[in-house]
Amino acid sequence: MRFRVERDEFTEAVAWTARSLPSRTATAAQQQVLTGLLLDASGPGLVVAAFDYEVAAQAKLEATISEEGRALAPGKMLAEITKQLPAAPVEVWTEGNGLVIACGNARFTLRTMPVEEYPALPPLPPITGYIEGGAFGAAVSQVAVAAGRDDTLPVLTGVRLEIEGDVLTLAATDRYRLAVRTLKWRPESPDAAGVALIPARTLLDTARSLSGGSVEVAIALGTGPSGEALAGFAGNGRQTTTRLVDGQFPPYRKLLPDSCPLIAAVEKAPLLEAVKRVALVAPKTAPVKLAFTEDHLELEAGSNGGEAQASETLPSTYSGPDLAVAFNPAYLQDALNAIDSDQVEFGFASADDAEVAAKKPAILTGKGAGEGEAPDYRYLLMPIQLNG
Amino acid sequence: MRLVIARCSVDYVGRLNAHLPSAVRLLLVKADGSVSIHADGRAYKPLNWMSPPCVLTEGEGLWRITNKADESLLITIEEVMHDSTHELGVDPGLRKDGVEAHLQVLLADRPDAIREDLTLVRREYETGIGPVDLLCRSGDGASVAVEIKRRGEIDGVEQLTRYVARMVEDPGLPHPVHGILVAQSITPQARLLATDRGLATVTVNYDALRGLEPSIPTLF
């Protein structure tokens, strides 16, 4: 194998794929090969790949190949070397058991790993449709924030992606909150349909790396070579395939109310600042209390006789009974960060009974999209019961 | 895991030089890349070894193992009596009993399980002679030092007595200062001594604590 590539393109491709290398040091000998990065110059172009049996990342770049072939190089080492290469074209070739990297006057020889032992990478399933990278990245980060991080409930560590014609619906929940985002996309066929539960961290990483510039992302749902369900994302010469999370995502749609009898609207940025300030005095999981009165919202945290206490008052648009509701401040901040609007609306379940409204989940959305139209981003948040 | 039994001599070249004269020994090559040389004794302790990351190069009658610090282990092999490789898979690891530490974490989240009116001020409160497990506040504003043990014995009572004595001297803490010894079980002697010292004792059920429903309501 022998090829010549541009330094920056090579560095970027290697750094991007290296992020999918297995993080923990593989102990079993058969997994040793997975710590390697595959350089595939069987042409056209060069493919750099990493695979940990869950996620496969491949980056394609232009290369002048003078001798076709494949090689497996120690991944971390290769990534560190390419980061420090001088600004000059890079020439890479195999020499016996070694991989030589020459750039400018610098020359490295790495011991290669047995490339024939490297597992076959799952191919990208047939493409289901396309979406603009920036929009997809933003939507994924709005939803992934609500995904569970606890591996004891694996189903909740995924983001559910549902395709119904030209509408994509993303949903995630950790039981304390639920985030749902709908957006338009361009399906390959007008009656495209499908559901996939994608590991939230992988999806977030992938969507972020494809969100730069005006990249168009292809989404592909299908099955891999051994019949396992796969999701694939491709754009800008990069491609990620990931195994799906097994299991049934909770039937979340029935949790979302059709309409909210009671709505309070608050300016988002000042509220976010206030929550951050007030939450300083609340111990780890202690709530921040929001007391809505006619035209005012008072935030309160900490307790009488506790170490500290804080409160802050903000203007709000509200007309209903006096209502006190408490939320986990971190979850509330996540919602405010995710909502893409100047105003946030809290929708409560009852307009007459303040006690019911404070006990049932509240729905947080951006400024109303219009009558009878569901907002494209909804964040359902379970209140914490106030004592006494 | 590769096991080799061979008559060999070993030279170590690095920060210090060492030589093992020719004898029959066990050579272990593990999947992490490490190589160790064992005699028929000294339990788990090898005579010499090289930790990973290191590289093993096998030549004709000579193994050379080198690491990043440029130290090397040279094994001159005269005769191989046994050479086999076994796939052990991933080891589940050693499980230690972390009940006491876990109890502290659980009770820090649910101080009301010790006594209903308690709220947590902080974990591991430094008294100057060691940290008390939990510093809590009672409903009437008093400070409460909580020492958590798996089994409540005389030692635990003595320890808590010293902490409380220190904390009484601390003007920064709200007074009065009480002490509670919390354990899964408490010996009658410890109970008696605690009462004499004016300390309370509480037994908690670890399994029940672990299975406690989270106090945070969920959507479904």
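Here, the structure is the one placed above.
Note that the coordinates shown come from a computational prediction; the quantities given were computed from them, not determined experimentally.

What counts and what doesn't
Residues numbered from 1 in each chain as written. Chains lettered and ligands numbered in written order. Predicted model: local features only at pLDDT ≥ 70, side-chain atom pairs only at ≥ 80, totals over all residues. Heavy atoms only, no water. Helix = DSSP H or I, 4+ residues; strand = E, 2+ residues; numbered from the N terminus. Buried < 20%, exposed > 50% of the residue type's maximum accessible area, 1.4 Å probe, protein only. Core = buried A, V, L, I, M, F, W, Y, C linked by side-chain atoms within 4.5 Å. Contact = heavy atoms within 4.5 Å. Polar contact = N/O pair within 3.5 Å; in protein donor to acceptor, adjacent residues only side chain to side chain. Axes fitted to C-alpha atoms, helices over the stretch in contact; angles between N-to-C directions. Parallel < 35°, antiparallel > 145°, perpendicular 65-115°, else oblique. Left-handed = near helix turned anticlockwise from the far one by under 90°. Pairing = 2+ DSSP bridges.

## Topic: unusual backbone geometry
Line of reasoning, step 1. Omega for the bond connecting P52(B) with P53(B) falls within 30 degrees of zero, at 0°, which places this linkage in the cis form.
Line of reasoning, step 2. Its location among the elements puts P53(B) in the loop between β4 (48–50) and β5 (54–59).
Line of reasoning, step 3. Cis geometry marks the peptide bond from H175(B) to P176(B), where omega comes out at -5°.
Line of reasoning, step 4. The topology assignment puts P176(B) in the loop between α2 (154–169) and β11 (177–186).
Line of reasoning, step 5. One non-glycine residue, R175(A), lies in the positive phi region at around 85°.
Line of reasoning, step 6. Positionally, R175(A) belongs in the loop between β12 (167–173) and β13 (177–184).
Line of reasoning, step 7. Its relative accessible area of 24% is what places R175(A) among the partly exposed residues.

## Focus on the nonpolar core
Nonpolar side chains in soluble globular proteins tend to end up buried together.
Residue and element names in this part refer to chain A.
Line of reasoning, step 1. Judged by nonpolar contacts, the single largest core of 71 residues is most densely connected at F136, L271, F292, F346, F348 and L364.
Line of reasoning, step 2. When residues in this core are grouped by element, the largest group, six residues, is from helix α5 (residues 268–279).
Line of reasoning, step 3. Those residues in contact with F292 that lie beyond four places of it in its chain are A264, V266, L297, S316, Y318, P321, D322, L323, V325, F346 and F348.
Line of reasoning, step 4. In terms of nonpolar packing, the next biggest core, distinct from the first, is built from 30 residues, A18, L39, A57 and V90 among them.

## What to know about the environment of S209(A)
All names here are of chain A.
Line of reasoning, step 1. When you line up the elements, S209 lands in helix α4 (residues 200–209).
Line of reasoning, step 2. Taking the C-alpha atoms as reference points, S209 and N236, separated by 27 residues in sequence, lie 9.8 Å from one another.
Line of reasoning, step 3. Among all residues touching S209, those that are not within four sequence positions of it are W16 and R19.
Line of reasoning, step 4. Within the structure, S209 has its side chain in polar contact with the side chain of W16 (distance 3.1 Å).

## Side note on the packing of α2(B) against helix α3 (residues 188–196) of chain B
All names here are of chain B.
Line of reasoning, step 1. For the pair α2 and α3, the least separation of the axes is 8 Å and the interaxial angle reads 20°. Taken together, the axes of α2 and α3 lie roughly parallel to each other. The hand of the α2/α3 crossing is right-handed. Residue-level contacts link I154, V157 and E158 of α2 to Q189, A190, L193 and A194 of α3.

## Examining the sheet that holds strand β2 (residues 36–41) of chain A
Residues and elements named next belong to chain A.
Line of reasoning, step 1. Pairing in this open sheet of nine strands is antiparallel, and the strands run β6-β2-β3-β4-β18-β17-β16-β10-β14 from one edge to the other. Looking at the sheet topology across the chains shown, the edges are occupied by β6 (69–74) and β14 (186–187).
Line of reasoning, step 2. Looking at chain direction, strand β16 (residues 216–223) and strand β17 (residues 229–235) are connected through six bridges and run antiparallel. If you follow T223 over to β17, its bridge partner there is A229.
Line of reasoning, step 3. Sitting on the sheet, helix α1 (residues 7–18) is in contact with β2, β3 (46–51), β4 (55–61) and β18 (238–243), with an inclination near 175° to β4.
Line of reasoning, step 4. Its contacts with the sheet place helix α2 (residues 75–83) against β2 and β6, and it is angled at close to 90° to β6.

Purely geometric numbers; function is a separate question.
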